[in-house]
Amino acid sequence: MNEVIIQLENVYKAYKIGNDTILALKNINLLIKKAEFISIVGPSGSGKTTLLNLIGALDKPTKGKILFNGIDLTQQNDKEISKYRAENVGFIFQTFNLIPSLNVWENVKLPTYFSSKKGFKEDKIMELLELVGLKERAFHKPLQLSGGEQQRVAIARALVNDPQILIADEPTGNLDSKNAEIILDIFKNLNLSGKTIILATHNLKLVEYSNRIIHLYDGVIKDEFVR
Amino acid sequence: MNSLGKYKISISNIKRNKLRNSMVILAFILAVILGSIILGPVYGIQNYYVKTINEAGFNVIAIFSGNIASSNSYTLPTNFINISTMKYLENIGGVYAISPVFLAGYFSFGNSSAYFVGSNSQLKLIGSLELYKGSFIKDNSTNSNLINVDLGYNVWNKFLKGVDINQTVSLSLIVQFGFSYKYLNVKLKVIGLLSERPKIPSINLDPNNVVIANIFDIFYLFNITNYNSIPLDAIFVSASDFNSIDNLENKIVQVLSDLGYKKNVDYMIVSQKDAIYYVNNIFNQFYRFLNIIWAAILAISSLSILIVMFITVRERYREIGTLRAIGARKIDVVTMILLEGLVLCIIGIILGMFLGYIIINLLKMYYTFMQTVDNSTIIYTFSIIVPEIIASAIIFSLYPAYIASKVPPSVALRYE
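Given the structure is predicted, the values throughout are model-derived calculations rather than measurements.

**Student:** So what about the overall build of chain A? Which residues, and what values?
**Tutor:** A count of helices and strands for chain A gives seven helices and 10 strands. Here the C-alpha radius of gyration of chain A, 17 Å, is about what a compact globule of 227 residues would show, namely 17 Å. Here the C-alpha coordinates of chain A stretch approximately 50 × 40 × 40 Å along the principal axes. Relative to its full complement of 227 residues, chain A shows a buried share of 55%. Considering only intrachain contacts with a sequence separation of at least 6, the fraction spanning at least 24 residues in chain A is 70%.

**Student:** How would you sum up the overall build of chain B? Please name residues and give values.
**Tutor:** Scanning chain B from terminus to terminus reveals 12 helices and 10 strands. Taking 2.2 N^0.38 as the reference for a compact globule, 416 residues should give roughly 22 Å; the C-alpha atoms of chain B span a radius of gyration of 32 Å, well beyond that estimate. A principal-axis box enclosing the C-alpha atoms of chain B has dimensions of 105 × 50 × 35 Å. Across chain B, contacts joining residues at least 24 apart in sequence account for 79% of those joining residues at least 6 apart. Total accessible area computed for chain B in this model is approximately 20,100 Å², and 60% of it derives from carbon and sulfur atoms. The average position of the 32 basic charges and that of the 23 acidic charges among the side chains of chain B differ by 13 Å.

**Student:** So, the layout of surface pockets: which residues are in play, and what are the values?
**Tutor:** Residue and element names in this part refer to chain B. Its volume calculated, the second largest pocket comes out at about 440 Å³. In terms of lining residues, the second largest pocket is bounded by 14 residues, among which Leu 103, Ala 104, Val 175, Gln 176 and Phe 177 are the most central. Secondary-structure elements contributing two or more residues to the lining of the second largest pocket are β2 (95-109) and β6 (168-177). Among the elements that line the lining of the second largest pocket, the one with the most residues is β2, at five residues. Residue composition of the lining of the second largest pocket, grouped by class: 11 nonpolar, three polar and no charged.

**Student:** Go over helix α11 (residues 375-406) of chain B with me, naming the residues and quoting the values.
**Tutor:** Taking 1.5 Å of rise per residue, 32 residues should cover 46 Å, and α11 of chain B covers 46 Å from first to last C-alpha, within 8% of that figure. The axis of α11 of chain B is deflected most strongly, by about 30°, at Leu 398 of chain B, and proline Pro 400 of chain B appears within four residues downstream.

**Student:** Describe the sheet that holds strand β6 (residues 89-92) of chain A, listing the residues and the values that go with them.
**Tutor:** Residue and element names in this part refer to chain A. Sheet architecture is open: six strands sit in the order β6-β7-β8-β3-β9-β10, paired in mixed fashion. Both edges of this open sheet fall to β6 and β10 (220-226), since each of them pairs with a single strand only. Strand-to-strand twist across the sheet, computed as the mean angle between neighbouring axes with direction ignored, equals 15°. Pairing geometry for strand β7 (residues 165-169) and strand β8 (residues 196-200), over five bridges, is parallel. Directly across from Ala 168, in β8, lies its bridge partner Leu 199. Strands in contact with helix α1 (residues 48-55) are β3 (37-41), β7, β8 and β9 (212-217); relative to β7, the strand with the most contacts, it is inclined by about 155°. Along the sheet, helix α5 (residues 147-159) makes contact with β6 and β7, crossing β6 at roughly 170°.

**Student:** Requested: an account of helix α9 (residues 317-325) of chain B, with residues and values cited.
**Tutor:** Residues and elements named next belong to chain B. Taking burial as the measure, the nine residues of α9 include eight buried ones, the bulk of the element. Along α9, the positions that sit buried rather than exposed are Tyr 317, Glu 319, Ile 320, Gly 321, Thr 322, Leu 323, Arg 324 and Ala 325. Following α9 by one or two positions, Gly 327 adopts a phi angle in the positive range, close to 120°.

**Student:** So what's going on with the nonpolar core? Which residues, and what values?
**Tutor:** Residues and elements named next belong to chain B. Counting residues in each nonpolar core, the largest one holds 50 residues, and the members touching the most others are Ile 63, Phe 116, Leu 151, Leu 188 and Ile 252. Residue contributions to this core peak at six residues, all from β2. Not counting residues within four places of it along the chain, the set of residues in contact with Leu 188 comprises Phe 107, Phe 116, Leu 146, Ile 147, Val 149, Gln 167, Thr 168, Val 169, Leu 171 and Val 211. In terms of nonpolar packing, the next biggest core, distinct from the first, is built from 48 residues, Val 32, Ile 276, Ile 297 and Cys 345 among them.

**Student:** Give a description of the interface of chain B and chain A that names residues and reports values.
**Tutor:** Many authors give the size of an interface as the accessible area that is lost as the parts come together. Listed per partner, the contact involves 24 residues of chain B and 22 residues of chain A. Counting each side, the surface lost to burial between chain B and chain A is near 2,100 Å², with a carbon and sulfur contribution of 63%. Between the two partners, chain B and chain A, sit one salt bridge. Of the charged contacts in the structure, one is a salt bridge between Asp 78 of chain A and Arg 324 of chain B, with a shortest N-O distance of 3.2 Å. Those elements that place two or more of their residues in the side of chain B that touches chain A are α1 (3-16), α9, α10 (330-366) and α12 (409-414) of chain B. Residues belonging to the side of chain B that touches chain A are distributed by class as follows: eight nonpolar, seven polar and nine charged.

**Student:** Tell me about the environment of Asn 179 of chain A, residues and numbers included.
**Tutor:** All names here are of chain A. On the secondary structure map, Asn 179 appears in helix α6 (residues 177-192). Since its relative accessible area comes to 14%, Asn 179 is described here as buried. For the pair Asn 179 and Gly 194, spaced 15 residues apart in sequence, the C-alpha to C-alpha distance is 23 Å. Setting aside chain neighbours within four positions, we find Asn 179 in contact with Gly 148 and Arg 152.

**Student:** For the pattern of salt bridges, give the residues involved together with the corresponding values.
**Tutor:** Evaluation of the coordinates by the stated rule reveals 17 salt bridges over all chains. Among the ionic pairs, Arg 20 of chain B bridges to Glu 315 of chain B, the shortest N-O distance being 2.7 Å. Residue Arg 20 of chain B is located in helix α2 (residues 18-55), and its partner Glu 315 of chain B is located in helix α8 (residues 272-315); the two are separated by 295 residues in the primary sequence. Taking the relative accessible area as the measure of exposure, Arg 20 of chain B reaches 21% and is therefore partly exposed. A single network of salt bridges, built from pairs that share partners, joins Glu 36, Arg 212 and Glu 224 of chain A.

Cut-offs used in this document
Residues numbered from 1 in each chain as written. Chains lettered and ligands numbered in written order. Predicted model: local features only at pLDDT ≥ 70, side-chain atom pairs only at ≥ 80, totals over all residues. Heavy atoms only, no water. Helix = DSSP H or I, 4+ residues; strand = E, 2+ residues; numbered from the N terminus. Rg over C-alpha atoms; globule rule 2.2 N^0.38 Å. Buried < 20%, exposed > 50% of the residue type's maximum accessible area, 1.4 Å probe, protein only. Contact = heavy atoms within 4.5 Å. Areas by Shrake-Rupley, 256 points an atom, 1.4 Å probe, with all protein chains shown as cover. Lys, Arg positive; Asp, Glu negative; His and termini not counted. Charge placed at Lys NZ, Arg CZ, Asp CG, Glu CD. 1 Å grid on protein atoms, 1.4 Å probe; cavity = no way out; pocket = protein on both sides within 12 Å on 5 of 7 lines; lining within 4 Å. Points joined across faces, edges and corners; volume = space filled by probe spheres on them. Nonpolar A, V, L, I, M, F, W, Y, C, P; charged D, E, K, R; others polar. Expected span 1.5 Å × (residues − 1). Bend = angle between axes of the 7 residues up to and from the residue. Pairing = 2+ DSSP bridges. Axes fitted to C-alpha atoms, helices over the stretch in contact; angles between N-to-C directions. Core = buried A, V, L, I, M, F, W, Y, C linked by side-chain atoms within 4.5 Å. Buried area = accessible area lost by both parts, 1.4 Å probe. Salt bridge = Lys/Arg side-chain N within 4 Å of Asp/Glu carboxyl O.

Quick look at the structure:
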């Protein structure tokens, strides 16, 4: 349980907008242990999404190191980074980001095309859909589903390659309270099964359940609470 | 990445934008149809001409009396080629066969006519003449007023319908003396009927409209005794093989020069090789010109895929970001978009080839020149234009694909 999975060392992220440089993250130092449930909170523009993007290797820091199991992700090439994203990280977005032309089953299967992990069986897709309660909607297109259902599909997709880390950016931001509850229950169970969950959220119930809360403000970790 | 996965994503994207992608497919269909209609007949006619010249004779070098190249004026020779000239040419190394050609006059058959040609037995080989029936003229003169002849295909099949070998026919021969004509009744014994053969391009004499006799029989008919100096219309020489034509032609020019003949004044020399070179040269120029039009068609179809792929990529930035987030590499994004362009292109090409084939065959019913576009020419045309279309589709899909792969996933995911 105490094994460090992600480590951020003196991480800075700057964006250039025209002639201006905006520092989205400033000197972030963070250790994330295996099976932690971390909520990143803070006002809009505080750097929550930027931090998640860096942990998920969707972006590179301007300065500093990001280590995954001791390997510096900032030094990896596109092939290695893509492998990391495909096999070790599952992303869940506020806007679900399902491929509208593919049905639920195909959307869930999508990450397996990019993974080199051996032994994948297609039965797993149905198992995951059962886990998120959507087995009967397997061959529906995303637009035929409600927002809550789409987010559950996105969770199944994030889990299909059995990643160690789940990164969720405002996963309940577009959902009503009932659907948000369902998503929370899924996250709880996933965390209990040993997944490391890192999410940016404004949902108090998600925050309450987390065993660690990181408060970002203006690109800096202002407070950190560990339960 | 699993290539089946890429294929699935690409196909699903094609299905999503049916109308827009149909326009791209239509552009490729039109490219294939227009390409095959524009280039097909050029290849067809060029092939037909080259094939006809090849089949017109056996490695022939034709020495024509005077200069018949100019259609406006005929240069009167000062020194005519004749039987004596032929005897000098016979001894040149590399001469496989040699025949004199003496146009004695013509037979009129209503609106058509047939030349009365005096030659020798070697004309069969030189002119690649095939007998439908009977035998070819011999070299020794019969010294008789009943002349053994071989009839060209049109003569026995159309003008003297029903005539057979060993039959005797009496015809009125029209002989031109300067600007006046004389009529001479001649009795001909048909010893052979020639098979049909294609008309030689650019030569007015239709090889199907001839009556061929031994040249000495004709001299006997005309009471010509001093035949060595009688001007011939042409001498046909065969080289032993196609590659030695040029060498033999040079030797002939040298011998004729030594005999005092002036090239392009007293005689004009044309070989099968020259004729093929000339035809290919003309058609290659024409082909280069048509290639400009073909390039414009190709550019339009390629631009259509460039624009559509750009729009598609722009619309799917967020999706591309999602794919990158779940593990797609830059190269996967490039190949998925390329594959999408390629699938559209191949659908267009297959439909275009199918429709192009039908349209060419329909045009054949209305335009004679399209008859030269046979199946092998259509396949050849497709084999030229299809790789060019595929290459342009790949090149023009590559840029949008490259742009898509360069966008950082974090930016693509935020794209509205």
